Amino acid sequence: MMCFGMVVIMTLYNLIQNGLIGTVSLKDILFQFILGFIVAFLLEVFIVGPVAKKIALSLPYDKSRKGFVILSISFFMMIGMVFFMSLYGLGFAYFSNSLIGESKS
């Protein structure tokens, strides 16, 4: 659910930020959303989640306090997802020829 919600919000944010609301077709928006969700879900389940748990549980703190465990895992998952999804957004923009300042000469 969290992955779905974040992809919806970030897709809308990017559309608004780039002034594309009303100029991009619903088909293109759905394609971007579905592709972003698949990438985010796979990253979260197979890469970021396991690494975040491993890092968070290797830190020296009291593991009996579940609040600390939840916060530390969430923190490392957030850092990992922001990093990888930023790379995804950069790559998507590059391959769709929409980077700002790109010259076509």
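The structure contained in this document is the topic of the report that follows.

How each quantity is defined
Residues numbered from 1 in each chain as written. Predicted model: local features only at pLDDT ≥ 70, side-chain atom pairs only at ≥ 80, totals over all residues. Heavy atoms only, no water. Helix = DSSP H or I, 4+ residues; strand = E, 2+ residues; numbered from the N terminus. Rg over C-alpha atoms; globule rule 2.2 N^0.38 Å. Contact = heavy atoms within 4.5 Å. Patch = residues over 30% accessible without salt bridge, like charges linked within 9 Å, V, L, I, M, F, W, Y side chains within 5 Å. Areas by Shrake-Rupley, 256 points an atom, 1.4 Å probe, with all protein chains shown as cover. Salt bridge = Lys/Arg side-chain N within 4 Å of Asp/Glu carboxyl O. Core = buried A, V, L, I, M, F, W, Y, C linked by side-chain atoms within 4.5 Å. Buried < 20%, exposed > 50% of the residue type's maximum accessible area, 1.4 Å probe, protein only. Phe/Tyr/Trp six-rings, centres within 6.5 Å; stacked < 30°, edge-to-face > 60°. Lys NZ or Arg CZ within 6 Å of the ring centre and 35° of its normal. Axes fitted to C-alpha atoms, helices over the stretch in contact; angles between N-to-C directions. Parallel < 35°, antiparallel > 145°, perpendicular 65-115°, else oblique. Left-handed = near helix turned anticlockwise from the far one by under 90°. Nonpolar A, V, L, I, M, F, W, Y, C, P; charged D, E, K, R; others polar.

1. Some details on the overall build of the protein
Helix and strand counts for the protein stand at three helices and zero strands. For 105 residues, the compact-globule formula gives about 13 Å, and the C-alpha radius of gyration of the protein, at 17 Å, lies well above that figure. Seen through its principal axes, the protein has C-alpha atoms that stretch 55 × 30 × 20 Å. By sequence separation, contacts in the protein at least 24 residues apart represent 59% of the contacts at least 6 residues apart.

2. Things to note about a nonpolar patch on the surface
A cluster of nonpolar side chains, contributed by Leu26, Leu30, Ile34, Ile38, Phe41, Leu42, Val45, Phe46, Ile47, Val51, Ile55 and Leu59, occupies part of the molecular surface with about 1100 Å² of accessible area. Within the element layout of this structure, Val45 appears in helix H2 (residues 26–58).

3. Brief notes about the nonpolar core
Cys3, Val7, Phe33, Ala40, Leu43, Val48, Ala52, Ala56, Val69, Ile73, Met77 and Met81 together form the largest nonpolar core, which totals twelve residues. Only helix H1 (2–17), H2 and helix H3 (66–95) provide two or more residues apiece to this core. Tallying contributions element by element places H2 first for this core, with six residues. Sequence-distant contacts of Phe33, defined by excluding residues within four places in its chain, comprise Phe4, Val7, Val8 and Thr11.

4. Structural notes on the side chain of Ser72
Here Ser72 shows up in helix H3. According to the relative accessible area criterion, Ser72 is buried, its value standing at 12%. Aside from chain neighbours lying at most four places away, what touches Ser72 is Ala56 and Tyr61.

5. Re the environment of Arg65
As for its placement among the helices and strands, Arg65 is situated in the loop between H2 and H3. Separated by 14 residues in sequence, Arg65 and Val51 place their C-alpha atoms 21 Å apart.

6. Considering the packing of aromatic side chains
Note on aromatic pairs: each is described by the distance of the centres and the angle between the planes. What the rule picks out here adds up to eight aromatic pairs. When the centroid spacing of 5.2 Å and the interplanar angle of 75° are considered together, the rings of Tyr94 and Phe95 count as edge-to-face. Clustering of aromatic rings is evident, with ring pairs tying together Phe4, Phe33, Phe37 and Phe41. In this structure, Lys63 packs its charged tip against the face of Tyr61, placed 4.4 Å from the ring centre.

7. Quick notes on the packing of H1 against H2
Look at H1 against H2: their axes get within 9 Å of each other, and the N-to-C directions meet at 135°. One finds that H1 runs oblique with respect to H2. Note on packing geometry: the crossing formed by H1 with H2 is right-handed. Each of Cys3, Phe4, Val7, Val8, Thr11 and Leu15 in H1 lies in contact with H2, whose residues at this interface are Ile29, Gln32, Phe33, Gly36, Phe37, Ala40, Phe41 and Glu44. Partitioned by chemical class, the residues of the contact of H1 with H2 number ten nonpolar, three polar and one charged.

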